[in-house]
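Listed below, chain by chain, are the residues.
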Amino acid sequence: MSDTNKIELTKDLADTICCITTLGFIKDNINKTKFIYIPSGNSKDTILGQKLNKIFKTQILHEKEQDSVNKEPWVIVKNNNSSVTVPNSSTYVNLLTNRLKQATFYGAYIGAGFNVDTRQIKLVGSSNIYTYKVDTKEFLLADNFKEIEKSYENAKNTANQIKSFLPSILNASEVKKAGYCLDPNFESLNEVPEHKIQSDECYASVHGLVKAAIYFNNNKDFVPIEHALSKDTIKVASCIPCSIFASAINRPVNYTHLGRGDSWNFPLAQSSLFEKDVIDDKRKMFYKYVKSCFLKGLEFVPHLVKEKLDLVTLDNIKTKQEEVVGNIFLYSLTFEGSFTERMLKFLI
């Protein structure tokens, strides 16, 4: 480590932090969200499920049908009315699926708000992508720039493809009739501009669920939801970072998966879309909850392969302020990988 006062984030340390934080999150949410996996012949989910069952002494991962995207395409950010069900529109789903035959959108979702009374569904779009400078006050990133550079290009291109076709689909008469529309503030979906990402930059991927939860923050008429985009997105569930965020604001999601949450982050403040005060408030809640999950996850260190753990650094992290721990978690997400793989790396 080049600076003893700073934490150097490597891929191994990032995966360790994600694993420990997730274990703490699972402990706190066993009865709040349903952790799911899709049976696809991939034994990793099965192996992880067995390990988690042994640790928590109860079944953690539950099997969900692969075609559930057609039956139940929505992830719901729950509130006091936990029994909310969003009507499925086969027309809308089929239009999306048919439109996307020439492209792959694995793991893509669109954020929205569902009006329980009028049954209207207002979409706020897919992930937002932006770049930002790496904050080096508390920690350093190991050299993962090439991976970030490649991932940024892929994320930017995917976001721009979705923005190019979504308005035309929503203009279809049968889709309008089903109650779908773009929220007026999102009708002009701007493309992610061309940008050559620099070696001192990371990029943020603001998931649809986070956009919806922050945008509809004070609107009691709308329940924030997220739509699985196309047949390629088979896990109709929230990623771990989105689920942590939802629980942090006391609105846990209905389903959670242990796939990817690469470069997850918060939106930039924009007066007509995302108010700075609301973002700051939600970010503080997120930081506080991430540290809580991290501390709870440390209780499971006996279940981890200790020779792979940097115990001195982990002890150092737990003494840091909530904001620092939260940011370390966010930067850990710039080292890509599924949470299943991150956890299997360390669980005995």
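Right above here is the structure, for reference.
Residues numbered from 1 in each chain as written. Predicted model: local features only at pLDDT ≥ 70, side-chain atom pairs only at ≥ 80, totals over all residues. Heavy atoms only, no water.

Here we take up the sheet that holds strand β11 (residues 222-228). Read across the open sheet, the five strands follow the order β4-β11-β5-β6-β9; overall the sheet is mixed. Each of the sheet's edge strands pairs with one partner strand only, and the pair in question is β4 (74-76) and β9 (180-182). For this sheet, the mean inter-axis angle between neighbouring strands, taken without regard to orientation, is 35°. Sitting on the sheet, helix α5 (residues 145-170) touches β5 (109-115), β6 (121-125) and β9, and the angle it makes with β9 is about 135°. Each of β4, β5, β6 and β11 touches helix α7 (residues 208-215); the most contacted strand, β6, lies at about 120° to it. (Pairing = 2+ DSSP bridges. Helix = DSSP H or I, 4+ residues; strand = E, 2+ residues; numbered from the N terminus. Axes fitted to C-alpha atoms, helices over the stretch in contact; angles between N-to-C directions. Contact = heavy atoms within 4.5 Å.)

For the pair helix α1 (residues 11-29) and helix α8 (residues 240-248), the least separation of the axes is 11 Å and the interaxial angle reads 50°. Between α1 and α8, the interaxial angle falls into the category oblique. By crossing handedness, the relation of α1 to α8 is classed as left-handed. Contact residues: Thr-21, Thr-22, Phe-25 and Asn-29 in α1; Ile-240, Ser-243, Ile-244 and Ser-247 in α8. (Parallel < 35°, antiparallel > 145°, perpendicular 65-115°, else oblique. Left-handed = near helix turned anticlockwise from the far one by under 90°.)

Time to look at the nonpolar core. In terms of nonpolar packing, the biggest core is built from 113 residues, with Leu-52, Phe-245, Trp-264 and Phe-286 touching the most fellow members. For this core, the element with the highest residue contribution is α5, accounting for 10 residues. When residues no more than four places from it in sequence are discounted, the contact partners of Trp-264 are Ser-205, His-207, Val-210, Cys-239, Pro-241, Cys-242, Phe-245, Phe-286, Leu-330 and Leu-333. (Core = buried A, V, L, I, M, F, W, Y, C linked by side-chain atoms within 4.5 Å. Buried < 20%, exposed > 50% of the residue type's maximum accessible area, 1.4 Å probe, protein only.)

The quantities given are spatial measurements derived from coordinates; they are silent on function.
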